[in-house]
Amino acid sequence: MPEISAGMQGLLGGVIAVYLVGMYALGYYAQQKIETHEDFLVAGRKLPLSLAWMTLLATWFGAGTLLTATDTVREEGLAGAALDPLGCGVCLLLAGVLVAGPIWRMKLLTVADLFRRRFGPWSELLSSIVLVPSYFGWVAAQFVALAGMLQLFFGLDPFYGLTCVAIVGVGYTLMGGMWSVTLTDAVQISLVLVGVVVLGGVVLVELGGGDAAAGWMRLVQETPAEKQTLIPHATAIQFWQWLGVFAVGALGNLPGQDLMQRIFAARSARVAQGACYLAGGLYLLFGAVPVMLGLAAPLLFPELQEAILPTLAHAFLSPVVTVIFVVALMSAVLSTIDSAILSPASVLAQNVFPRFTSLSPLKLNRFAVLLVTAGSLAAAYSGESAYELLEAAYEVIMVSLLVPLLLGLYTRPRSEWPAVASILSGFLVWAIHFGLEWDHFAAGWPLLGAYQAPTSLCATGVSLLAYLLCEPPWTMRRATEDSDANKPDDTPESEPTVPPPAS
């Protein structure tokens, strides 16, 4: 985005200051609701539908959807939307169908809790080791993105900007945990959606010379046909590549703590499912706007090489509306930061730290929030290669945890070996390919590599095979026969009963 004047810079600074005061006021209000670690982690399981869907949507509908996906669609066309928003939106819908109801009824606090309850302590620890590092790179990338915006608009050195961003992000998260995150998410996602709709409407009007309908017709008629193909199918290789990217978005996020933590926080299983359906539908609906902007950019600015959204906002919005849009972009990043900090911190405090200390759960959670923030900040300072390497670990969630999560949710394993084998085998296959820099499965083997099958899908298949070797289908027991997964929506988990002594 071109530089703004000193006057607009002052206006932007003032709006940001008011915005931050409001966020911290919400954080302080949320702090009054925190009495136990359950309040801190899952908002006391009291979120109504109106808040549950908003925090779900805000967690993912952030900088990636607005900036990265838009630029990807500009380069690749509709096929570039495979990961975001298409894959991520479908993931939320799948969560409502497959996971939300039964996992809510288990009254868990973290994903690793399911592995402990269904399998055992070793699988709990392994799942925690997979989950926690996958978020550090994500948080670091958001720190860098927001620090870059501060440098662009205010000339703030990124060295200091990173620290400022970390302090702002961790502050209200530390105060009220999930309550803070939820309330601030509701405000932030409202700003983001309004900004996206306004910019989308203005761009269509510009395309049509004052008529939005004419702008849409121009977009359809002048966009090359190859860029209007959602699922490439000209060759098998193109389809496999697209499917691999889509699968990472649609399936890779299912075992994520950020998604599950919001399901756990809903006040009933029905609310949890409804929030997933509503957030997924709205994600696909509003996510179509950045996709449209990505297609429109080459028609408006054929030589554009910079980020699309800031350029479009500066070109077509009034100065005051541009400032509001910039604050909306910052809101999108902050809504991702607070969720990404709280998720790994929850796993550390609930499933790792209690093995080594007897501190109260609430203190452990706040300490974990600080630790995750410090680790992510260190990754951001280490440079782009460091946090990009950590971001790549996010794919590990799919290849390691998806299979044991789903099978553990619907069956009663006889031991924890199926989960241990599944986690380790999926991770090992992925790690070998990542280390050798193979861009598809068995790339170094002429016979298998010729198919160019996605590594993520094949590693997940290996994970499934390892699970079934330890627990064949004919030995599996349905979880509904003796578990809490079929209790009514609002029935609290009961304590196990002790059978009477034999007479």
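Per an unreviewed UniProt entry, the chain goes by Sodium/proline symporter and derives from Lignipirellula cremea.

Draft legend 1. Just the packing of aromatic side chains, in detail. All chains considered together, the criterion is met by 10 aromatic pairs. Ring geometry for Phe61 against Tyr283: centres 5.5 Å apart, planes inclined by 80°, an arrangement best described as edge-to-face. With Phe61 in the loop between helix 3 (49–60) and helix 4 (63–76) and Tyr283 in helix 13 (residues 269–300), this residue pair connects regions lying 222 residues apart in the sequence. A single burial state applies to Phe61 and to Tyr283, both of which are buried. Seen in terms of ring centroids, Phe119 and Tyr467 are 6.2 Å apart; in terms of plane orientation they differ by 85°. Their pairing is edge-to-face. Linking Phe119 in the loop between helix 6 (111–118) and helix 7 (121–131) with Tyr467 in helix 21 (residues 455–470), this pair joins segments that are 348 residues apart in sequence. Overall, the relative accessible area of 0% leaves Tyr467 in the buried class. By the ring-pair criterion, three or more aromatic residues cluster together here, those being Phe115, Phe119 and Tyr467.

Draft legend 2. A nonpolar patch on the surface, seen in detail. A cluster of nonpolar side chains, contributed by Val97, Leu98, Tyr277 and Tyr410, occupies part of the molecular surface with about 360 Å² of accessible area. Note on placement: Tyr410 falls in helix 18 (residues 394–410). Tyr410 gets classed as partly exposed once you look at its relative accessible area, which sits at 40%.

Draft legend 3. Examining the pattern of salt bridges more closely. Enumeration over the complete set of coordinates arrives at seven salt bridges. Among the salt bridges present, the one from Arg74 reaches Glu75, with a minimum N-O distance of 3.5 Å. We classify Glu75 as exposed; its relative accessible area is 54%. Between Asp113 and Arg116 there is a salt bridge, with the nearest N and O atoms lying 2.9 Å from each other. Here Asp113 pairs with Arg116, and both are found in helix 6, just three residues apart, close to one helical turn.

Draft legend 4. Broad picture of the packing of helix 9 (residues 158–207) against helix 15 (residues 319–352). Across the interface, helix 9 lies against helix 15 with an axial gap of 6 Å and an inter-helix angle of 140°. Considered as vectors, helix 9 and helix 15 are oriented oblique to each other. Our pair here, helix 9 against helix 15, has a crossing hand that is left-handed. Taken together, the residues of the contact of helix 9 with helix 15 sort by class into 19 nonpolar, nine polar and two charged.

Draft legend 5. Quick peek at unusual backbone geometry. Following Asp84, the chain continues to Pro85 via a peptide bond in cis, the omega torsion being 15°. Here Pro85 shows up in helix 5 (residues 82–105). Phi is positive for Arg45, close to 55°, though the residue is something other than glycine. Relative to the helices and strands, Arg45 is located in the loop between helix 2 (37–42) and helix 3.

Draft legend 6. The arrangement of the environment of Pro454 in detail. Locating Pro454 in the fold gives a position in the loop between helix 20 (446–449) and helix 21. A relative accessible area of 9% places Pro454 in the buried class. With 260 residues separating them along the chain, Pro454 and Val194 place their C-alpha atoms 37 Å apart. Apart from the residues lying within four places of it in its own chain, the contact partners of Pro454 are Trp240, Gly244 and Phe441.

Conventions used here
- Residues numbered from 1 in each chain as written.
- Predicted model: local features only at pLDDT ≥ 70, side-chain atom pairs only at ≥ 80, totals over all residues.
- Heavy atoms only, no water.
- Phe/Tyr/Trp six-rings, centres within 6.5 Å; stacked < 30°, edge-to-face > 60°.
- Helix = DSSP H or I, 4+ residues; strand = E, 2+ residues; numbered from the N terminus.
- Buried < 20%, exposed > 50% of the residue type's maximum accessible area, 1.4 Å probe, protein only.
- Patch = residues over 30% accessible without salt bridge, like charges linked within 9 Å, V, L, I, M, F, W, Y side chains within 5 Å.
- Areas by Shrake-Rupley, 256 points an atom, 1.4 Å probe, with all protein chains shown as cover.
- Salt bridge = Lys/Arg side-chain N within 4 Å of Asp/Glu carboxyl O.
- Axes fitted to C-alpha atoms, helices over the stretch in contact; angles between N-to-C directions.
- Parallel < 35°, antiparallel > 145°, perpendicular 65-115°, else oblique.
- Left-handed = near helix turned anticlockwise from the far one by under 90°.
- Nonpolar A, V, L, I, M, F, W, Y, C, P; charged D, E, K, R; others polar.
- Contact = heavy atoms within 4.5 Å.

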